[in-house]
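A closer look at the structure
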Amino acid sequence: MTLPDATQAAGALDAHRPMLLGLAYRLLGSRHDAEDVLQEAYVRWLGVDRGAVAEPRRYLSRVVTRLALDRLRARRAARETYVGPWLPEPVRTTPSPFGPLDAVELRDSLSTALLHLLERLSPPERAVYVLHTAFELPYAEIAGILDRSVADCRQLHHRAAARIGQDRRRFTAGRAEQERLLEAFLAAARDGDLAALTGLVATDATAWTDGGGRVKAARNPVTGADRVVRFFAGIYGPGRRLTVRRVELNGQPGALIVRPGAGMYALTLAAAGGRITAFHVVGNPDKLRWAN
């Protein structure tokens, strides 16, 4: 391949890179893995007869989806040995590496809460759900990407929506409400105000902490308002000398919290009905390299 050919091929991929990276990330929950998938897709794109490809975006979407599904299937065994809960890798989205997030579907489908729920799905269910819900692709196009029938894709989406639907209703709060609750939570936790914290947290709230065995984190989900409140009051209470930096993570209000001697943690939350229903705390340094 000549240099001009390679430059032209790279240009075609770069034109669609934000969308393709966002697709791979939503399928995998890992920015690192998504970047690897795009690199593999580029190699395949170099080897194809690009003159015969009528729609590069559709072709590349198909390649990226299939490569991501292969990774999803391969990593299941590795996930079984992961220490503690596994949470998606946080991504700073100001600016967004995934392109504009103006559409509600594109922003909401990046949230840590939803990506965590998507881990329940089989790889084909996750692919159909992401392609149809986030990118609004018709079932006929999804069928071509996955080499399945339209009826099969409809059924996969129906099953996926049913499997996550109940819990998805636990994070319906809009951005302004999330912002308010996060600010109030950080202030109450800093002051060790248990009454204020209790008033912010839903009775059936859950805190998920991902340390990957590298930093201090709960090995199991912390459930119930009382346990969640005392857990965070003990970590973030008075005298802890924490540094808190507000950032947008995965299209949602978030915070980076540095605990002296314990490392950095990325915090996002989910909420509904004016209360916090879930906390997602990532401390695994392999997932926070961008923040250092």
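Residues numbered from 1 in each chain as written. Predicted model: local features only at pLDDT ≥ 70, side-chain atom pairs only at ≥ 80, totals over all residues. Heavy atoms only, no water.

Bridge count for strand β3 (residues 243-249) against strand β4 (residues 252-259) is seven bridges, and the pairing is antiparallel. Its bridge partner lying in β4, Val244 is registered against Ile257. A loop of two residues connects β3 with β4, the two strands running antiparallel in sequence, and Asn250 in this loop sits at a positive phi of about 55 degrees. (Pairing = 2+ DSSP bridges. Helix = DSSP H or I, 4+ residues; strand = E, 2+ residues; numbered from the N terminus.)

What follows deals with the environment of Ala205. The residue Ala205 is located in strand β1 (residues 201-210) in this model. Measuring from C-alpha to C-alpha, the distance between Ala205 and Trp86 comes to 18 Å, with 119 residues separating the pair along the chain. Beyond its immediate stretch of four places on either side in the chain, Ala205 contacts Arg170, Val222, Thr223, Gly224, Val228, Ile276 and Thr277. (Contact = heavy atoms within 4.5 Å.)

Attention now moves to the sheet that holds β4. Pairing in this open sheet of six strands is mixed, and the strands run β2-β1-β6-β5-β4-β3 from one edge to the other. Of all the strands in the sheet, the pair left with one neighbour each is β2 (222-223) and β3. Where helix α11 (residues 175-191) meets the sheet, its contacts fall on β3, β4, β5 (263-272) and β6 (275-282), and the angle it forms with β4 comes to roughly 20 degrees. Its contacts with the sheet put helix α13 (residues 225-236) on β1, β2, β4 and β6, and the angle it makes with β1 is roughly 50 degrees. (Axes fitted to C-alpha atoms, helices over the stretch in contact; angles between N-to-C directions.)

The subject of this paragraph is the nonpolar core. By size, the foremost hydrophobic cluster in this structure holds 53 residues, and its most contacted members are Val64, Leu118 and Ile142. Looking at this core, the element that brings in the most residues is helix α2 (residues 17-28), giving eight residues. Of all hydrophobic cores here, the second largest spans 30 residues; its members include Leu186, Ala189, Ala218 and Ala225. (Core = buried A, V, L, I, M, F, W, Y, C linked by side-chain atoms within 4.5 Å. Buried < 20%, exposed > 50% of the residue type's maximum accessible area, 1.4 Å probe, protein only.)

Let us look at the packing of helix α3 (residues 31-47) against helix α4 (residues 56-74). The angle between the axes and the distance between the axes are what describe a pair of packed helices. Running from amino to carboxyl end, α3 crosses α4 at an angle of 130 degrees, the nearest separation of the two axes being 9 Å. Considering the angle they form, α3 stands oblique to α4. The hand of the α3/α4 crossing is right-handed. Contact residues: Asp33, Asp36, Val37, Leu38, Glu40, Ala41, Arg44 and Trp45 in α3; Pro56, Tyr59, Leu60, Val63, Val64, Leu67, Ala68 and Arg71 in α4. (Parallel < 35°, antiparallel > 145°, perpendicular 65-115°, else oblique. Left-handed = near helix turned anticlockwise from the far one by under 90°.)

Here the largest pocket defines a volume of roughly 350 Å³. Ser30, Asp33, Tyr82, Trp86 and Lys287 are the residues nearest the centre of the largest pocket, which is lined by 14 residues in total. Only α3 and α5 (76-79) provide two or more residues apiece to the lining of the largest pocket. Looking at the lining of the largest pocket residue by residue, the classes come out as three nonpolar, four polar and seven charged. (1 Å grid on protein atoms, 1.4 Å probe; cavity = no way out; pocket = protein on both sides within 12 Å on 5 of 7 lines; lining within 4 Å. Points joined across faces, edges and corners; volume = space filled by probe spheres on them. Nonpolar A, V, L, I, M, F, W, Y, C, P; charged D, E, K, R; others polar.)

Its place among the elements puts Asn250 in the loop between β3 and β4. Taking the relative accessible area as the measure of exposure, Asn250 reaches 2% and is therefore buried. Not counting the four nearest positions on each side in its chain, Asn250 is found in contact with Tyr25, Glu89, Pro90, Val91, Thr93, Arg107, Leu110, Ser111, Thr112 and Leu115.

Within this structure, the stated rule accounts for two cavities of 30 Å³ or more. Where the lining of the largest cavity is concerned, the elements lending two or more residues are α7 (112-118) and α8 (123-134). Its residues assigned to classes, the lining of the largest cavity comprises five nonpolar, two polar and one charged. If you add up the space inside the second largest cavity, you get close to 30 Å³.

Our focus in this paragraph is α8. The periodicity of an α-helix, 3.6 residues per turn, causes residues three or four places apart in sequence to face the same way. The terminal C-alpha atoms of α8 lie 16 Å apart, and with twelve residues this matches the ideal 16 Å at 1.5 Å per residue to within 8%. Of all twelve residues in α8, ten are buried, a share of seventy percent or more. Within the sequence span of α8, burial applies to Pro123, Pro124, Glu125, Arg126, Ala127, Val128, Tyr129, Val130, Leu131 and Ala134. Directly after α8, the chain includes Glu136, whose backbone phi takes a positive value near 55 degrees. (Expected span 1.5 Å × (residues − 1).)

Take it as geometry only, folks, not as evidence of what the structure does.
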